[in-house]
Amino acid sequence: MFTQLLNWRTLLAFIAIIIVTGTVFYSNQLAKKIATEERLKIQQWVEALKDINNPEVLPTNLSGLILVENSKNIPMIAVTEKDSILDHYNLDTAEIKINKNYLKDKLDEFKKLHEPIEWRNPLDSLQTNRVFYGESDLLKQVRYYPIIQLIIVALFIIITLITISTRNKSTQNQVWAGMAKETAHQLGTPLSSLQGWVEILKENTGSEKIAIEMEKDVDRLKLVSDRFGKIGSTPQLEETNIVTQIENMVTYIKRRATDKVDFTITTNDKEVIALINAPLFDWVIENLLKNALDAMEGRGKINVSIKNEAAQIMIDVTDSGKGISKQNITKVFKPGFTTKKRGWGLGLSLSKRIIEQYHKGDLFVKQSDPNKGTTFRIVLKK
(Lines give C-alpha, C1' and ligand atoms only; values in the text may rest on other atoms or scores of the structure.)
Protein backbone atom coordinates (compact mmCIF):
# COMPACT_ATOMS: atom_id res chain seq x y z
CA MET A 1 0.00 0.00 0.00
CA PHE A 2 2.81 2.38 0.95
CA THR A 3 4.77 1.49 -2.19
CA GLN A 4 1.69 2.16 -4.31
CA LEU A 5 1.18 5.55 -2.70
CA LEU A 6 4.86 6.34 -3.16
CA ASN A 7 4.65 5.49 -6.86
CA TRP A 8 1.63 7.76 -7.23
CA ARG A 9 3.49 10.56 -5.49
CA THR A 10 6.53 10.10 -7.72
CA LEU A 11 4.41 10.11 -10.87
CA LEU A 12 2.41 13.18 -9.81
CA ALA A 13 5.58 15.03 -8.81
CA PHE A 14 7.18 14.19 -12.16
CA ILE A 15 4.12 15.38 -14.09
CA ALA A 16 3.97 18.55 -12.00
CA ILE A 17 7.66 19.31 -12.66
CA ILE A 18 7.18 18.88 -16.41
CA ILE A 19 4.05 21.08 -16.47
CA VAL A 20 5.53 23.83 -14.32
CA THR A 21 8.91 23.80 -16.08
CA GLY A 22 7.31 23.96 -19.52
CA THR A 23 4.89 26.68 -18.43
CA VAL A 24 7.59 28.82 -16.82
CA PHE A 25 9.89 28.48 -19.84
CA TYR A 26 7.14 29.31 -22.34
CA SER A 27 5.79 32.18 -20.24
CA ASN A 28 9.25 33.69 -19.83
CA GLN A 29 9.84 33.54 -23.58
CA LEU A 30 6.43 35.06 -24.24
CA ALA A 31 6.99 37.78 -21.62
CA LYS A 32 10.34 38.69 -23.18
CA LYS A 33 8.73 38.91 -26.60
CA ILE A 34 5.89 41.13 -25.32
CA ALA A 35 8.37 43.31 -23.38
CA THR A 36 10.46 43.79 -26.56
CA GLU A 37 7.37 44.73 -28.55
CA GLU A 38 6.22 47.19 -25.88
CA ARG A 39 9.61 48.91 -25.83
CA LEU A 40 9.42 49.17 -29.59
CA LYS A 41 5.99 50.81 -29.30
CA ILE A 42 7.34 53.35 -26.83
CA GLN A 43 10.24 54.10 -29.18
CA GLN A 44 7.75 54.63 -31.99
CA TRP A 45 5.79 56.94 -29.73
CA VAL A 46 8.97 58.96 -29.09
CA GLU A 47 9.90 58.98 -32.78
CA ALA A 48 6.49 60.44 -33.54
CA LEU A 49 7.48 63.47 -31.49
CA LYS A 50 10.65 63.98 -33.53
CA ASP A 51 8.86 63.78 -36.90
CA ILE A 52 6.62 66.76 -36.34
CA ASN A 53 7.19 69.12 -39.27
CA ASN A 54 6.30 72.35 -37.54
CA PRO A 55 7.86 72.61 -34.06
CA GLU A 56 6.38 76.07 -33.52
CA VAL A 57 2.88 74.66 -33.10
CA LEU A 58 4.03 71.94 -30.78
CA PRO A 59 2.06 72.22 -27.52
CA THR A 60 3.95 72.03 -24.28
CA ASN A 61 1.65 69.33 -22.95
CA LEU A 62 2.52 65.85 -24.13
CA SER A 63 -1.11 64.75 -24.18
CA GLY A 64 -1.58 66.77 -27.32
CA LEU A 65 1.26 65.15 -29.18
CA ILE A 66 0.80 62.52 -31.85
CA LEU A 67 0.35 59.15 -30.14
CA VAL A 68 0.79 55.71 -31.52
CA GLU A 69 -2.46 53.80 -31.19
CA ASN A 70 -0.76 50.55 -30.25
CA SER A 71 0.83 52.09 -27.14
CA LYS A 72 -2.46 53.06 -25.51
CA ASN A 73 -2.26 50.18 -22.95
CA ILE A 74 1.27 50.93 -21.76
CA PRO A 75 1.58 53.35 -18.81
CA MET A 76 4.14 56.10 -19.40
CA ILE A 77 5.59 59.11 -17.60
CA ALA A 78 7.67 61.78 -19.37
CA VAL A 79 10.19 63.72 -17.27
CA THR A 80 12.90 66.32 -17.73
CA GLU A 81 16.59 65.81 -17.12
CA LYS A 82 15.96 66.69 -13.48
CA ASP A 83 13.07 64.21 -13.18
CA SER A 84 10.38 66.88 -13.20
CA ILE A 85 7.23 65.25 -14.50
CA LEU A 86 6.10 66.71 -17.84
CA ASP A 87 3.12 64.47 -18.45
CA HIS A 88 1.75 60.98 -18.03
CA TYR A 89 -0.24 58.60 -20.15
CA ASN A 90 -2.41 55.49 -19.53
CA LEU A 91 -2.48 55.97 -15.76
CA ASP A 92 -5.40 56.05 -13.34
CA THR A 93 -6.56 59.67 -13.43
CA ALA A 94 -8.91 59.20 -10.48
CA GLU A 95 -6.06 57.93 -8.34
CA ILE A 96 -3.86 60.84 -9.41
CA LYS A 97 -6.44 63.31 -8.09
CA ILE A 98 -6.79 61.47 -4.77
CA ASN A 99 -3.17 60.52 -4.10
CA LYS A 100 -0.56 63.27 -4.47
CA ASN A 101 2.32 60.77 -4.38
CA TYR A 102 0.80 58.46 -6.98
CA LEU A 103 2.82 59.76 -9.94
CA LYS A 104 6.06 59.85 -7.96
CA ASP A 105 5.55 56.28 -6.74
CA LYS A 106 4.76 55.12 -10.26
CA LEU A 107 7.86 56.86 -11.58
CA ASP A 108 10.03 55.06 -9.02
CA GLU A 109 8.36 51.78 -10.00
CA PHE A 110 8.98 52.37 -13.74
CA LYS A 111 12.63 53.23 -13.13
CA LYS A 112 13.14 49.79 -11.61
CA LEU A 113 11.45 48.04 -14.52
CA HIS A 114 13.02 49.48 -17.67
CA GLU A 115 15.73 51.78 -18.95
CA PRO A 116 14.23 55.10 -20.09
CA ILE A 117 13.91 56.21 -23.70
CA GLU A 118 15.42 59.63 -24.33
CA TRP A 119 13.99 62.29 -26.65
CA ARG A 120 14.73 65.93 -27.37
CA ASN A 121 12.05 68.57 -27.28
CA PRO A 122 11.90 70.20 -30.76
CA LEU A 123 11.32 73.56 -29.07
CA ASP A 124 14.48 73.19 -27.00
CA SER A 125 17.17 71.05 -28.66
CA LEU A 126 19.47 71.45 -25.69
CA GLN A 127 17.02 69.78 -23.31
CA THR A 128 16.95 65.99 -23.17
CA ASN A 129 13.77 64.52 -21.80
CA ARG A 130 13.14 60.93 -20.84
CA VAL A 131 10.19 58.57 -20.99
CA PHE A 132 9.79 55.92 -18.34
CA TYR A 133 7.21 53.22 -18.89
CA GLY A 134 5.66 50.28 -17.06
CA GLU A 135 4.07 47.03 -18.10
CA SER A 136 0.77 46.52 -19.84
CA ASP A 137 -1.96 44.37 -18.30
CA LEU A 138 -1.23 41.66 -20.86
CA LEU A 139 2.43 41.44 -19.85
CA LYS A 140 1.51 41.28 -16.17
CA GLN A 141 -0.92 38.45 -16.83
CA VAL A 142 1.73 36.52 -18.73
CA ARG A 143 4.21 36.97 -15.87
CA TYR A 144 1.70 35.80 -13.24
CA TYR A 145 0.45 32.89 -15.29
CA PRO A 146 3.15 30.39 -14.13
CA ILE A 147 2.32 31.17 -10.49
CA ILE A 148 -1.38 30.52 -11.11
CA GLN A 149 -0.48 27.36 -13.00
CA LEU A 150 1.74 26.22 -10.13
CA ILE A 151 -1.07 26.78 -7.60
CA ILE A 152 -3.51 24.81 -9.75
CA VAL A 153 -1.06 21.91 -10.14
CA ALA A 154 -0.29 21.94 -6.40
CA LEU A 155 -4.01 21.85 -5.54
CA PHE A 156 -4.50 19.00 -8.01
CA ILE A 157 -1.68 16.99 -6.41
CA ILE A 158 -2.91 17.68 -2.87
CA ILE A 159 -6.50 16.69 -3.69
CA THR A 160 -5.31 13.55 -5.49
CA LEU A 161 -3.06 12.50 -2.59
CA ILE A 162 -5.85 13.10 -0.07
CA THR A 163 -8.21 11.00 -2.22
CA ILE A 164 -5.67 8.18 -2.51
CA SER A 165 -4.86 8.30 1.21
CA THR A 166 -8.57 8.27 2.15
CA ARG A 167 -9.22 5.36 -0.18
CA ASN A 168 -6.27 3.42 1.23
CA LYS A 169 -7.40 4.07 4.82
CA SER A 170 -10.92 2.97 3.94
CA THR A 171 -9.58 -0.23 2.37
CA GLN A 172 -7.34 -0.80 5.39
CA ASN A 173 -10.28 -0.33 7.77
CA GLN A 174 -12.33 -2.81 5.79
CA VAL A 175 -9.50 -5.35 5.93
CA TRP A 176 -9.12 -4.83 9.69
CA ALA A 177 -12.84 -5.23 10.30
CA GLY A 178 -13.06 -8.25 8.01
CA MET A 179 -10.14 -10.02 9.69
CA ALA A 180 -11.52 -9.26 13.16
CA LYS A 181 -15.02 -10.56 12.36
CA GLU A 182 -13.62 -13.64 10.64
CA THR A 183 -11.46 -14.36 13.70
CA ALA A 184 -14.48 -14.04 15.97
CA HIS A 185 -16.45 -16.33 13.67
CA GLN A 186 -13.70 -18.97 13.58
CA LEU A 187 -13.41 -18.94 17.38
CA GLY A 188 -17.14 -19.50 17.80
CA THR A 189 -17.22 -23.20 16.87
CA PRO A 190 -14.34 -24.46 19.09
CA LEU A 191 -15.62 -22.29 21.96
CA SER A 192 -19.02 -23.94 21.83
CA SER A 193 -17.33 -27.33 21.84
CA LEU A 194 -15.10 -26.40 24.78
CA GLN A 195 -18.11 -25.21 26.77
CA GLY A 196 -19.69 -28.63 26.26
CA TRP A 197 -16.57 -30.45 27.45
CA VAL A 198 -16.38 -28.21 30.52
CA GLU A 199 -19.93 -29.18 31.46
CA ILE A 200 -19.04 -32.85 31.07
CA LEU A 201 -15.99 -32.41 33.30
CA LYS A 202 -18.11 -30.78 35.99
CA GLU A 203 -20.26 -33.92 36.17
CA ASN A 204 -17.25 -36.21 36.60
CA THR A 205 -16.20 -36.75 40.18
CA GLY A 206 -12.67 -35.50 40.84
CA SER A 207 -12.61 -33.14 37.81
CA GLU A 208 -14.47 -30.23 39.39
CA LYS A 209 -11.39 -28.08 40.02
CA ILE A 210 -10.08 -28.68 36.52
CA ALA A 211 -13.47 -27.77 35.08
CA ILE A 212 -13.56 -24.51 37.04
CA GLU A 213 -10.12 -23.43 35.76
CA MET A 214 -10.98 -24.46 32.21
CA GLU A 215 -14.22 -22.51 32.45
CA LYS A 216 -12.24 -19.37 33.32
CA ASP A 217 -10.10 -19.79 30.22
CA VAL A 218 -13.15 -20.48 28.06
CA ASP A 219 -14.81 -17.32 29.39
CA ARG A 220 -11.64 -15.45 28.57
CA LEU A 221 -11.71 -16.76 24.99
CA LYS A 222 -15.38 -15.76 24.74
CA LEU A 223 -14.42 -12.24 25.81
CA VAL A 224 -11.66 -12.09 23.18
CA SER A 225 -14.07 -13.34 20.53
CA ASP A 226 -16.62 -10.74 21.60
CA ARG A 227 -14.03 -7.98 21.28
CA PHE A 228 -13.05 -9.03 17.77
CA GLY A 229 -16.71 -9.28 16.79
CA LYS A 230 -17.29 -5.64 17.75
CA ILE A 231 -14.50 -4.31 15.49
CA GLY A 232 -15.94 -2.60 12.43
CA SER A 233 -19.43 -2.15 13.85
CA THR A 234 -20.79 0.66 15.99
CA PRO A 235 -20.46 -0.51 19.60
CA GLN A 236 -23.10 0.23 22.20
CA LEU A 237 -21.82 2.67 24.82
CA GLU A 238 -23.18 2.47 28.34
CA GLU A 239 -22.68 4.47 31.52
CA THR A 240 -20.06 2.57 33.49
CA ASN A 241 -17.94 3.15 36.56
CA ILE A 242 -14.50 3.04 34.94
CA VAL A 243 -12.78 2.84 38.33
CA THR A 244 -14.30 -0.61 38.82
CA GLN A 245 -13.47 -1.59 35.22
CA ILE A 246 -9.84 -0.59 35.64
CA GLU A 247 -9.56 -2.29 39.06
CA ASN A 248 -10.83 -5.56 37.58
CA MET A 249 -8.39 -5.36 34.68
CA VAL A 250 -5.44 -4.51 36.97
CA THR A 251 -6.36 -7.50 39.15
CA TYR A 252 -6.44 -9.74 36.07
CA ILE A 253 -3.03 -8.57 34.82
CA LYS A 254 -1.55 -8.66 38.34
CA ARG A 255 -2.29 -12.40 38.61
CA ARG A 256 -0.24 -12.95 35.45
CA ALA A 257 2.72 -10.79 36.48
CA THR A 258 5.58 -11.55 38.84
CA ASP A 259 5.55 -10.43 42.46
CA LYS A 260 8.35 -8.00 41.58
CA VAL A 261 5.86 -5.69 39.84
CA ASP A 262 4.03 -3.24 42.08
CA PHE A 263 0.55 -2.20 40.81
CA THR A 264 -1.22 0.89 42.20
CA ILE A 265 -4.40 2.79 41.31
CA THR A 266 -4.92 6.43 42.29
CA THR A 267 -8.16 8.32 41.79
CA ASN A 268 -9.81 11.48 43.10
CA ASP A 269 -13.22 9.81 43.01
CA LYS A 270 -14.23 6.23 43.75
CA GLU A 271 -17.03 6.42 41.20
CA VAL A 272 -16.19 7.90 37.81
CA ILE A 273 -18.99 7.39 35.31
CA ALA A 274 -18.23 7.42 31.59
CA LEU A 275 -19.93 6.25 28.41
CA ILE A 276 -17.87 3.26 27.29
CA ASN A 277 -18.15 -0.15 25.71
CA ALA A 278 -16.83 -2.31 28.54
CA PRO A 279 -15.23 -5.16 26.53
CA LEU A 280 -13.43 -2.79 24.15
CA PHE A 281 -12.38 -0.41 26.94
CA ASP A 282 -10.98 -3.36 28.92
CA TRP A 283 -9.04 -4.36 25.82
CA VAL A 284 -7.36 -0.93 25.72
CA ILE A 285 -6.42 -1.02 29.42
CA GLU A 286 -5.15 -4.57 29.02
CA ASN A 287 -2.94 -3.58 26.08
CA LEU A 288 -1.48 -0.62 27.96
CA LEU A 289 -0.77 -2.72 31.06
CA LYS A 290 0.82 -5.51 29.02
CA ASN A 291 3.02 -2.99 27.21
CA ALA A 292 4.04 -1.58 30.59
CA LEU A 293 4.99 -5.06 31.79
CA ASP A 294 7.03 -5.72 28.66
CA ALA A 295 8.83 -2.39 29.06
CA MET A 296 9.84 -3.22 32.66
CA GLU A 297 10.91 -6.79 31.86
CA GLY A 298 9.19 -8.19 34.94
CA ARG A 299 10.40 -5.70 37.54
CA GLY A 300 9.17 -2.20 38.48
CA LYS A 301 6.07 -0.14 39.22
CA ILE A 302 2.85 0.44 37.30
CA ASN A 303 0.44 3.16 38.35
CA VAL A 304 -2.97 3.88 36.87
CA SER A 305 -4.17 7.39 37.69
CA ILE A 306 -7.83 8.36 37.17
CA LYS A 307 -8.75 12.05 37.26
CA ASN A 308 -12.40 13.02 37.19
CA GLU A 309 -12.62 16.61 35.93
CA ALA A 310 -15.51 18.87 34.99
CA ALA A 311 -15.43 18.33 31.24
CA GLN A 312 -13.31 15.22 30.80
CA ILE A 313 -11.83 12.11 32.40
CA MET A 314 -8.09 11.50 32.20
CA ILE A 315 -6.53 8.07 32.70
CA ASP A 316 -2.73 7.83 32.92
CA VAL A 317 -0.95 4.49 32.74
CA THR A 318 2.61 5.00 33.99
CA ASP A 319 5.42 2.45 34.16
CA SER A 320 9.02 2.56 35.34
CA GLY A 321 10.34 0.76 32.28
CA LYS A 322 12.95 1.50 29.64
CA GLY A 323 10.94 4.30 28.00
CA ILE A 324 10.43 5.12 24.34
CA SER A 325 13.03 6.85 22.18
CA LYS A 326 12.05 10.22 20.69
CA GLN A 327 12.16 8.91 17.13
CA ASN A 328 9.75 6.09 18.02
CA ILE A 329 7.14 8.13 19.93
CA THR A 330 5.43 9.14 16.67
CA LYS A 331 5.51 5.54 15.42
CA VAL A 332 4.15 3.55 18.37
CA PHE A 333 0.53 3.80 17.17
CA LYS A 334 1.28 2.80 13.58
CA PRO A 335 0.08 -0.70 12.58
CA GLY A 336 2.96 -3.16 12.43
CA PHE A 337 5.42 -1.10 14.47
CA THR A 338 6.95 -2.98 17.39
CA THR A 339 10.26 -3.13 19.25
CA LYS A 340 9.54 -6.61 20.59
CA LYS A 341 11.13 -9.73 19.19
CA ARG A 342 7.67 -11.28 19.04
CA GLY A 343 4.48 -9.47 18.24
CA TRP A 344 2.49 -8.00 15.38
CA GLY A 345 2.60 -4.37 16.51
CA LEU A 346 -1.19 -4.09 16.50
CA GLY A 347 -2.06 -3.61 20.19
CA LEU A 348 -1.49 0.15 20.48
CA SER A 349 -2.88 0.77 17.00
CA LEU A 350 -6.11 -1.04 17.91
CA SER A 351 -6.25 0.73 21.27
CA LYS A 352 -5.99 4.15 19.66
CA ARG A 353 -8.64 3.19 17.12
CA ILE A 354 -11.00 2.01 19.89
CA ILE A 355 -10.60 5.15 22.00
CA GLU A 356 -10.71 7.70 19.16
CA GLN A 357 -13.20 6.18 16.73
CA TYR A 358 -15.58 4.36 19.06
CA HIS A 359 -15.33 6.44 22.25
CA LYS A 360 -14.58 9.83 20.60
CA GLY A 361 -11.68 10.32 23.00
CA ASP A 362 -7.92 10.54 22.66
CA LEU A 363 -4.96 8.26 23.37
CA PHE A 364 -1.39 9.49 23.20
CA VAL A 365 2.05 9.30 24.81
CA LYS A 366 2.00 11.97 27.50
CA GLN A 367 5.64 11.56 28.52
CA SER A 368 8.50 9.12 28.04
CA ASP A 369 12.08 9.27 29.34
CA PRO A 370 14.76 6.70 28.48
CA ASN A 371 15.37 4.30 31.38
CA LYS A 372 12.79 6.12 33.53
CA GLY A 373 9.43 5.11 32.13
CA THR A 374 6.47 6.03 29.98
CA THR A 375 3.03 7.51 30.57
CA PHE A 376 0.15 6.83 28.17
CA ARG A 377 -2.87 9.09 28.59
CA ILE A 378 -6.50 8.35 27.73
CA VAL A 379 -8.87 11.30 27.55
CA LEU A 380 -12.61 10.67 27.57
CA LYS A 381 -15.13 13.45 27.11
CA LYS A 382 -18.07 13.64 29.47
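Definitions and cut-offs
- Per chain, the residues get numbers from 1 upward, laid out in the order the sequence is written.
- Totals for whole chains, interfaces and linings use every residue, but because this is a predicted model, local features are given only for residues with pLDDT of at least 70 and side-chain atom pairs only at 80 or more, for both listing and counting.
- Hydrogens and water molecules were not included; the side-chain quantities draw on all heavy atoms of the structure.
- A run of DSSP states H or I qualifies as a helix once it reaches four residues; a run of E qualifies as a strand once it reaches two. Both are numbered from the N-terminal end.
- By this rule the span expected of a helix is its residue count minus one, scaled by 1.5 Å.
- Residue exposure (1.4 Å probe, protein chains only): buried if accessible area is under 20% of the type maximum, exposed if over 50%, otherwise partly exposed.
- The set of buried Ala, Val, Leu, Ile, Met, Phe, Trp, Tyr and Cys residues whose side-chain atoms join them within 4.5 Å is what this entry labels a nonpolar core.
- The criterion used for residue contact is that any of the two residues' heavy atoms lie within 4.5 Å.
- Centres within 6.5 Å make a pair out of two Phe, Tyr or Trp rings, where for Trp the six-membered ring is used; the pair is then stacked when the planes are under 30 degrees apart, edge-to-face when over 60, and tilted otherwise.
- In this scheme, the term charge over a ring applies when either NZ of a lysine or CZ of an arginine sits within 6 Å of the ring centre and within 35 degrees of the ring normal.
- Two strands pair if DSSP finds at least two bridges between them.
- Whenever a helix is involved, its axis is fitted only over the stretch in contact; in every case the axis is a line through C-alpha atoms, and angles between N-to-C directions fall within 0 to 180 degrees.
- Left-handed describes a crossing whose near helix is turned anticlockwise from the far helix through less than a right angle; right-handed describes the clockwise counterpart.
- In this classification, the charged set is Asp, Glu, Lys and Arg, the nonpolar set is Ala, Val, Leu, Ile, Met, Phe, Trp, Tyr, Cys and Pro, and all remaining amino acids, among them Gly, are polar.
- Salt bridges are defined by distance alone: a side-chain nitrogen of Lys or Arg within 4 Å of a carboxyl oxygen of Asp or Glu.
- Nonpolar side chains (Val, Leu, Ile, Met, Phe, Trp, Tyr) within 5 Å and like charges within 9 Å form the patches, drawn only from residues with over 30% relative accessible area and no salt bridge.
- Each accessible area is a Shrake-Rupley estimate made with a 1.4 Å probe; only the visible protein chains count as cover when residues are assessed.

**A few points about helix α7 (residues 278-296)**
In a regular helix each residue adds 1.5 Å, so 19 residues correspond to 27 Å; α7 covers 27 Å between its end C-alpha atoms and thus fits that length. With 15 of 19 residues buried, α7 is to be regarded as a mostly interior element. In the stretch just after α7, Glu-297 is the one whose phi turns positive, near 55°.

**Topic: the nonpolar core**
Ile-242, Phe-281, Leu-289, Ile-315 and Ile-378 are the most contacted members of the largest nonpolar core, which totals 42 residues. Looking at this core element by element, the count peaks at 10 residues for α7. When near neighbours in sequence (up to four residues on either side) are disregarded, Phe-281 contacts Ile-242, Gln-245, Ile-246, Ile-276, Ile-315, Ile-355, His-359 and Leu-380. In this structure, Trp-45, Val-46, Met-76 and Ile-117 belong to the second largest nonpolar core, which totals 10 residues.

**Looking at the packing of aromatic side chains**
Applying the stated rule across the entire model yields one aromatic pair. The ring of Phe-132 carries Lys-111 above its face, with NZ or CZ at 5.7 Å from the centroid. Positioned above the aromatic ring of Phe-333, the side-chain terminus of Lys-352 is 4.6 Å from the ring centre.

**Focus on the pairing of strand β7 (residues 273-276)**
Covered by surrounding structure in β7 are Ala-274 and Ile-276 only, the residues Ile-273 and Leu-275 on the alternate face being uncovered. Across four bridges, the pairing between strand β5 (residues 238-241) and β7 is antiparallel. In the sheet register, Glu-239 faces β7, and the bridge partner there is Leu-275.

**Examining the packing of α7 against helix α9 (residues 347-358)**
Relative placement of two packed helices is described by the angle separating their axes and the distance separating the axes. α9 packs onto α7 with a crossing angle of 145° between their chain directions and a minimal axis gap of 9 Å. Both α7 and α9 take part in a crossing whose hand is left-handed. Residue-level contacts link Leu-280, Phe-281, Trp-283, Val-284, Asn-287, Leu-288 and Asn-291 of α7 to Gly-347, Leu-348, Leu-350, Ser-351, Ile-354, Ile-355 and Tyr-358 of α9. Of the residues assigned to the contact of α7 with α9, the class counts are 10 nonpolar, four polar and no charged.

**Re the environment of Tyr-89**
As for its position among the elements, Tyr-89 is in strand β2 (residues 85-89). Along the sequence, Tyr-89 and Ile-74 sit 15 residues apart, while their C-alpha atoms lie 8.0 Å from each other.

**As for the sheet that holds strand β11 (residues 373-381)**
If you walk across this open sheet you meet the five strands as β6-β8-β9-β11-β10, and the pairing is mixed. Bordering the open sheet on either side are β6 (261-267) and β10 (362-369), each of which pairs with just one other strand. In this sheet, neighbouring strand axes are inclined to one another by 15° on average, regardless of whether the strands run parallel or antiparallel. On top of the sheet, helix α6 (residues 242-255) reaches β6, β8 (300-308) and β9 (312-319); it is set at about 175° to β6, its chief contact.

**Examining the pattern of salt bridges**
For the structure shown, the criterion picks out 11 salt bridges. Its salt-bridge partner being Asp-83, residue Arg-130 comes within 2.3 Å of it at the nearest N-O pair. Pair noted here: Arg-130 is in strand β4 (residues 124-133) and Asp-83 is in the loop between β1 (76-79) and β2, with a separation of 47 residues, a long-range link. Here Lys-352 makes a salt bridge to Glu-356, at a shortest N to O gap of 2.7 Å. Within this pair, Lys-352 and its partner Glu-356 are both found in helix α9, separated by four residues, close to a single helical turn.

**Remarks on a nonpolar patch on the surface**
A contiguous nonpolar patch, built from Tyr-144, Ile-147, Ile-148, Ile-151, Ile-152, Leu-155 and Ile-159 and spanning about 720 Å² of accessible area, is present on the exposed surface. On the secondary structure map, Ile-148 appears in helix α4 (residues 137-203).

**Points about α6**
Across its 14 residues, α6 extends 20 Å between first and last C-alpha, which sits within 8% of the 20 Å expected from 1.5 Å per residue. When we look at burial in α6, the residues that qualify are Ile-242, Val-243, Gln-245, Ile-246, Met-249, Val-250, Tyr-252 and Ile-253.

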